[in-house]
Amino acid sequence: MIKKAILPVAGLGTRFLPASKSIPKEMVTVVDRPAIEYVVKEAVAAGIEQIILVTHSSKASIENYFDRNFELEAALTAKNKFDLLQEITDILPTHVSVVSVRQPQPLGLGHAVLCAKDLVGDSAFAVLLPDVLVKNQQEENDLSRMIGRFQASQAVQIMVEAVPEHMVDQYGIVDVAQPPLEGQSSVMQGIVEKPAVGLAPSNLSVVGRYILPAKIMQLLEQTPKGAGNEIQLTDAIAMLQQTEAVEAYRMKGQTFDCGSKIGYLKAVLHYGADHPQLGDAFKALIKDLPL
Ligand code: G1P
């Protein structure tokens, strides 16, 4: 069973300056809650019970957000503000724990995942990159489907979606003989980090959701620096694929890249419009905009 998920949050978020100068980009709010809460909820909805934050000294507010805040809870109780109390105590179900480990140097995503080696031990685990929000309309989310597929086949799962050809150089890109249908997986023959436009093996990009075996940690220890002079998770997956079955899972939901300002604004529009309490008023507000 996949019960642990690694969320690398040590990045400085330079694409989100100036906001990220003193607020972790993961704590910037999408409607009424920090972006990272959506990612943690996505993991919990897929059955994850331990969230492993790979973090940095400047990001303590993320750990604080998922901790209890006794003083605030006592103050809300004393004032009979039970709805608000429930809002802050319901952030995480009680069976889910959040632990953290530091990434001492910014050596890349592969290195960040490797920092959690001792915390995952011998079990397979999920990796969720919190810059990307995945919004699912259907009851079972994409991550849960990937976990189901991994459990049925033991094949490593990499979530992908199609991107326009001119954007392939911003992502990991997979090579598949048979592109999978939405909601399904197919065997991956290769994966490359940020290929030049015109040289990519497909337009199926790595979204930032992975189901990986513990063995990837040994491979990460041997992975040399790659694209951007960083230790790339993509390069370790390419090595893994020489000995293990690796599959590309094509997502059904929609992605929002909250690491970019325009992706963030798009997320606010979509999550705002669908918000159970604020949605109708928010849609009316948008209609009134003098566009
Ligand atoms: C990382 C991964 C890349 C993936 C992307 C998704 O890149 O290395 O393979 O496609 O996330 O957002 P980054 O955006 O950190 O440069």
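Up top is the structure.
What comes next is a walk through the structure. All residue numbers here refer to positions counted from 1 along the written sequence of the relevant chain. Whole-chain, interface and lining totals are the exception, using all residues; otherwise, since this is a predicted model, local features are given only for residues with pLDDT of at least 70 and side-chain atom pairs are given and counted only at 80 or more. As a rule here, side-chain values come from all non-hydrogen atoms in the structure, and water together with hydrogens is ignored.

Re the site of the ligand
Argument step 1. Nearness is judged by heavy atoms alone; a residue qualifies as near a molecule or strand once a single heavy atom is within 4 Å of it. What surrounds the ligand is the set Leu-109, Leu-129, Val-132, Tyr-171, Gly-172, Glu-193, Lys-194, Val-206, Val-207, Gln-232 and Thr-234.
Argument step 2. With respect to the ligand, the side chain of Glu-193 contributes an N or O atom lying 2.7 Å from an oxygen atom.
Argument step 3. In this structure, Lys-194 approaches the ligand through a side-chain N or O atom, which is 2.6 Å from an oxygen atom.
Argument step 4. Look at the ligand: alone it shows 380 Å² of surface, and the protein chains cover 76% of it. We define a polar contact as two N or O atoms separated by no more than 3.5 Å, with the added condition that, inside protein, one atom must be a possible hydrogen donor and the other a possible acceptor, whereas residues neighbouring each other in sequence contribute only through side-chain atom pairs. In these tables, accessible area is a Shrake-Rupley quantity obtained with a 1.4 Å probe, and a residue counts as shielded only by the protein chains included in the view.

Here's the deal with the environment of Val-101
Argument step 1. The numbering of helices and of strands both runs from the N terminus, where a helix is a DSSP run of H or I of at least 4 residues and a strand a run of E of at least 2. Of note, Val-101 is situated in strand β5 (residues 97-102).
Argument step 2. Each C-alpha atom, one on Val-101 and one on Ala-155, is 28 Å from the other, the two residues being 54 residues apart in sequence.
Argument step 3. Throughout, a residue-residue contact means that at least one pair of heavy atoms, one from each residue, lies within 4.5 Å. Excluding residues within four positions of it along the chain, Val-101 makes contact with Ile-52, Leu-53, Val-54, Thr-55, Cys-115, Ala-116 and Leu-119.

Some points on the environment of Glu-139
Argument step 1. Mapped onto the fold, Glu-139 is located in the loop between β7 (132-135) and α7 (142-153).
Argument step 2. The classification of residues rests on relative accessible area computed with a 1.4 Å probe and restricted to protein chains. Under 20% of the type maximum is buried, over 50% is exposed, and intermediate values are partly exposed. Of the residues examined, Glu-139 reaches a relative accessible area of 85% and is grouped as exposed.
Argument step 3. Each C-alpha atom, one on Glu-139 and one on Thr-14, is 35 Å from the other, the two residues being 125 residues apart in sequence.

Considering the pattern of salt bridges
Argument step 1. Any carboxyl oxygen of Asp or Glu within 4 Å of a side-chain nitrogen of Lys or Arg constitutes a salt bridge here. Scanning the model with the defined rule gives 16 salt bridges in all.
Argument step 2. For Lys-215, the salt bridge identified is with Glu-244, shortest N-O distance 2.9 Å. Remark: Glu-244 occurs in the loop between α9 (233-240) and β12 (246-250) and Lys-215 occurs in the loop between β11 (204-212) and α8 (216-222); sequence separation between them is 29 residues.
Argument step 3. Its relative accessible area of 32% is what places Lys-215 among the partly exposed residues.
Argument step 4. Put simply, Asp-32, Arg-33, Glu-37, Lys-41 and Glu-87 are held in one network by salt bridges that share partners.

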